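A closer look at the structure
One letter stands for each residue in the lines below.
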Amino acid sequence: MESETQDLIHRPSVASDEPEKLKDEPELHEPGRHSRTFGIDLVLQPFRWIAMLARELNPSFIFGVFLVYGLSQGFTGSFFRVVSDYYWKDVQKIQPSAVQMFSGLYYIPWLMKPVWGVLTDVFPVYGYRRRPYFIFAGILGTMASLIVSSVTGLPVAMALLCFVGLSVCVAMADVTIDACIATNSINKPKLAPDMQSLCGFLSSLGALVGYSSSGFLVHHLGPQAALSLMAVPAVLLVLLGFVLFESKNYLVSDKEKSWVKVGAAVRGMGRTIKHSAVWQPSLYMFLSLALSISTHEGQFYWYTDKTAGPHFSQEFVGMIYAIGAMASMVGVLIYHKFLKDFRFRTLLFYAQLLYGVSGILDLFFVLRWNLKLGLPDPIFVIMEECTSRIITRIRWIPMIVLSTKLCPLGIEGTFFALLMCIDSLGSLAHKIGGGLLLQALHVTRTDFRNLWLALFIRNVLRLCTLCFIFLVPNASPSDVLVPPDLLKSSGNGDSIDGADSHEHYEETLQLAKLGNGDEV
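Since the model is a prediction, treat every value here as computed from it, not as a measurement.

Some points on the nonpolar core
Residues Tyr-87, Trp-88, Val-148, Phe-163 and Phe-312 are the most contacted members of the largest nonpolar core, which totals 54 residues. Ranked by the residues each element gives to this core, the list is headed by helix H4 (residues 59–91), at eight residues. Beyond its immediate sequence surroundings of up to four residues, Trp-88 is in contact with Lys-93, Ile-94, Val-99, Phe-102, Tyr-106, Val-156, Ala-159, Leu-160, Phe-163 and Tyr-301. Membership of the second largest hydrophobic core comes to 33 residues, among which are Ile-400, Val-401, Leu-402 and Val-482.

Examining unusual backbone geometry
One non-glycine residue with positive phi stands out, namely His-311, at about 55 degrees. With respect to the helices and strands, His-311 occurs in the loop between helix H15 (296–303) and helix H16 (314–339). For His-311, a relative accessible area of 42% corresponds to the partly exposed category. For Arg-368, which is not a glycine, the phi torsion comes out positive at approximately 65 degrees. Following the sequence through the fold, Arg-368 ends up in the loop between helix H18 (360–366) and helix H19 (369–372). We classify Arg-368 as partly exposed; its relative accessible area is 22%.

Quick look at a nonpolar patch on the surface
On the surface, Tyr-350, Leu-353, Val-357, Ile-360 and Leu-463 cluster together into a nonpolar patch covering about 420 Å² of accessible area. At three residues, helix H17 (residues 344–358) tops the list of elements feeding residues into the nonpolar patch. Note on placement: Tyr-350 falls in helix H17.

Considerations on the pattern of salt bridges
Applying the stated criterion across every chain, the model contains six salt bridges. Note that Asp-377 is salt-bridged to Arg-368, the shortest N-O span being 2.6 Å. A salt bridge links Glu-385 to Arg-389; the nearest nitrogen and oxygen atoms lie 3.1 Å apart. Linking Glu-385 with Arg-389, this pair stays in helix H20 (residues 377–404), spanning four residues, or about one helical turn.

Examining the packing of H15 against helix H22 (residues 451–464)
Viewed as axis vectors pointing N to C, H15 and H22 meet at an angle of 145 degrees, and their least axial separation amounts to 11 Å. In the crossing of H15 with H22, the sense of the turn from one axis to the other is left-handed. Counting all contacts with H15, which are made through Gly-298, Gln-299 and Trp-302, the residues of H22 involved are Leu-451, Leu-455 and Arg-458. Here the residues of the contact of H15 with H22 are counted per class, giving three nonpolar, two polar and one charged.

Here we look at the packing of aromatic side chains
Enumeration according to the criterion identifies 20 aromatic pairs in this entry. Look at Phe-300 and Tyr-301: their rings are 6.0 Å apart centre to centre, the planes differ by 75 degrees, and that puts the pair in the edge-to-face class. Summarising the burial analysis for this pair, Phe-300 and Tyr-301 share the class buried. Here Phe-364 and Trp-369 contribute two aromatic rings whose centre-to-centre distance is 5.1 Å and whose plane-to-plane angle is 85 degrees, an arrangement assigned as edge-to-face. Owing to a relative accessible area of 26%, Phe-364 belongs among the partly exposed residues under this scheme.

Observations regarding the side chain of His-430
Take His-430: it is sitting in helix H21 (residues 412–440). In this structure the side chain of His-430 is engaged in a polar contact, spanning 2.7 Å, whose partner is the backbone oxygen of Ser-292.

Comments concerning helix H5 (residues 96–105)
Each α-helix turn comprises 3.6 residues. Residues three or four places apart therefore point the same way. Of all 10 residues making up H5, seven are buried, and the element is well covered by its neighbours. Among all positions in H5, only Pro-96, Ser-97, Val-99, Gln-100, Phe-102, Ser-103 and Gly-104 are buried.

What about the packing of helix H10 (residues 192–221) against H20?
The geometry of H10 relative to H20 is characterised by a closest axis approach of 10 Å and an angle of 140 degrees between their N-to-C directions. In terms of orientation, H10 lies oblique with respect to H20. As for the relative orientation of H10 and H20, their crossing is right-handed in sense. Listed contacts from H20 to Ala-192, Pro-193, Gln-196, Gly-200, Ser-203, Ser-204 and Tyr-211 of H10 are Arg-389, Arg-393, Ile-397, Ile-400, Val-401 and Thr-404. Counted by class, the contact of H10 with H20 contains six nonpolar, five polar and two charged residues.

Considerations on the environment of Ser-282
The residue Ser-282 is located in helix H14 (residues 276–290) in this model. By relative accessible area, Ser-282 is classed as buried at 4%. Once the C-alpha coordinates of Ser-282 and Leu-406 are considered, the two residues, 124 residues apart in sequence, prove to be 9.1 Å apart. Apart from residues lying up to four places away in sequence, Ser-282 is in contact with Ile-273, Leu-406, Leu-419 and Ile-422.

So, H17
Its 15 residues place the ends of H17 21 Å apart at the C-alpha level, agreeing with the 21 Å of an ideal helix rising 1.5 Å per residue. Every buried residue of H17 is listed here: Phe-344, Leu-347, Leu-348, Ala-351, Gln-352, Tyr-355, Gly-356 and Ser-358. Looking down the long axis of H17, one finds its buried residues gathered within 165 degrees of arc, a one-sided arrangement. Against the buried residues of H17 lie H14, H16, H18, H20 and H22.

Let's talk about the confidence of the model for the protein
Across the protein, the average pLDDT comes to 80, with 80% of residues at or above 70. Mean pLDDT across the secondary structure elements of the protein bottoms out at helix H24 (residues 498–508), with 39, and peaks at H22, with 95. Low pLDDT, under 50, characterises residues 1–29; the predicted model gives this stretch 39 contacts beyond four residues in sequence or across chains. Under a pLDDT of 50 for its full length, residues 489–520 has, in the predicted model, 71 contacts with residues more than four places off or in other chains.

Each value, and the rule that gives it
Residues numbered from 1 in each chain as written. Predicted model: local features only at pLDDT ≥ 70, side-chain atom pairs only at ≥ 80, totals over all residues. Heavy atoms only, no water. Core = buried A, V, L, I, M, F, W, Y, C linked by side-chain atoms within 4.5 Å. Buried < 20%, exposed > 50% of the residue type's maximum accessible area, 1.4 Å probe, protein only. Helix = DSSP H or I, 4+ residues; strand = E, 2+ residues; numbered from the N terminus. Contact = heavy atoms within 4.5 Å. Patch = residues over 30% accessible without salt bridge, like charges linked within 9 Å, V, L, I, M, F, W, Y side chains within 5 Å. Areas by Shrake-Rupley, 256 points an atom, 1.4 Å probe, with all protein chains shown as cover. Salt bridge = Lys/Arg side-chain N within 4 Å of Asp/Glu carboxyl O. Axes fitted to C-alpha atoms, helices over the stretch in contact; angles between N-to-C directions. Left-handed = near helix turned anticlockwise from the far one by under 90°. Nonpolar A, V, L, I, M, F, W, Y, C, P; charged D, E, K, R; others polar. Phe/Tyr/Trp six-rings, centres within 6.5 Å; stacked < 30°, edge-to-face > 60°. Polar contact = N/O pair within 3.5 Å; in protein donor to acceptor, adjacent residues only side chain to side chain. Parallel < 35°, antiparallel > 145°, perpendicular 65-115°, else oblique. Expected span 1.5 Å × (residues − 1). Arc of directions from axis to C-beta. pLDDT = per-residue confidence, 0-100.

Have a look at this one:
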């Protein structure tokens, strides 16, 4: 399969395969024709790659990844990031340290991903395990976006609750597709980096659309009215719940049997996380996120300040993030083309090192040293955003690939959700930690004198993460990382035997099947 993947991605141009057809033509025309066919072949490479993945993994799986990662996460996440910042700043008029801590609360639904995973795995609704939860998530997201965008004078607590509701919508949809990704990564390990590259690319593409439109819509509609567009991805999740192919399970388990399955899953997760091969890399991923505290809200308020900052317009802020989204796609391509076969420890060491060093650009910008170097603010901030996004993507994808390699069969969906929960806990810590730091340094809506110090402390903490790199296994993405007995079942004595085990396994993978019976 690896050779087939390489053939599809690195297929030579048509001109080089058919020299006889060009033999009788004038030699003058050969370079032009070769460049045209090479250009066409270069454009078609991503489509051939996606076609290969669809053939190997099933088209409906690719469609699910597109909808959840491209639209629900990519577009929604990026659009929400810009519009919510302006909503808190201009409508609610909240201090940046408070907004920084509010943004940490958005991760609470992601901390509950194991709960969503257990619900979708062992608690079917009218015989369906996937479709009802897509519908519920979509309805919740639609209601939350419409309330926060239409109610004037909404209390801060209610607005925050609506934003958390939108996060629940995205998190529940994410759990289902992640279960399929984890299973596919175990069954076809050589395609695990390709699947994460696809997820990263679609997420970046959706983010590009979200960022590109956010500043324009905030300027012309206002931040509150612009939030109404958040209902569109949520409505499409409802539609997905109705059109998704899923075989109805007529032998619906009773409550007692469902709780037995929950107990088996919890015990299986407990046994798995106790292995050093699992908890050590999980701890590193948590620390790498928690120690990289976020100062985003302080920087955003400084970006848009009329006196202390460069006073960027709403459209330009959206354009900065849109260009950053394109840079993020470049990071995906760099990883996919050159880095996906590197050992985890080596790649994460250098990625984290670059992540810490690149933070110096933020420090230069806030101290206005870029002007002393003759670099205008717009050029410098775009350069800084592109550098940060590329390095962040190269740092993030191998951690996700590593997470998929740590999941045992039988509870792969729930255990992957647990690992993502640990990552979300790290993200919550880095958001709240950043908010506390901004508050301690008295960074407010109008006072940014200590913002440079917050950035300096953030950069030092990023480099401190390198002290824990020994927790990452020195293995390649194709290696088996967990003990063989964990890959065979969820645990001794707790796996669901016979037909019931088969039923549970088939239902877990329904999203990746579309009537033709092909395996995921």
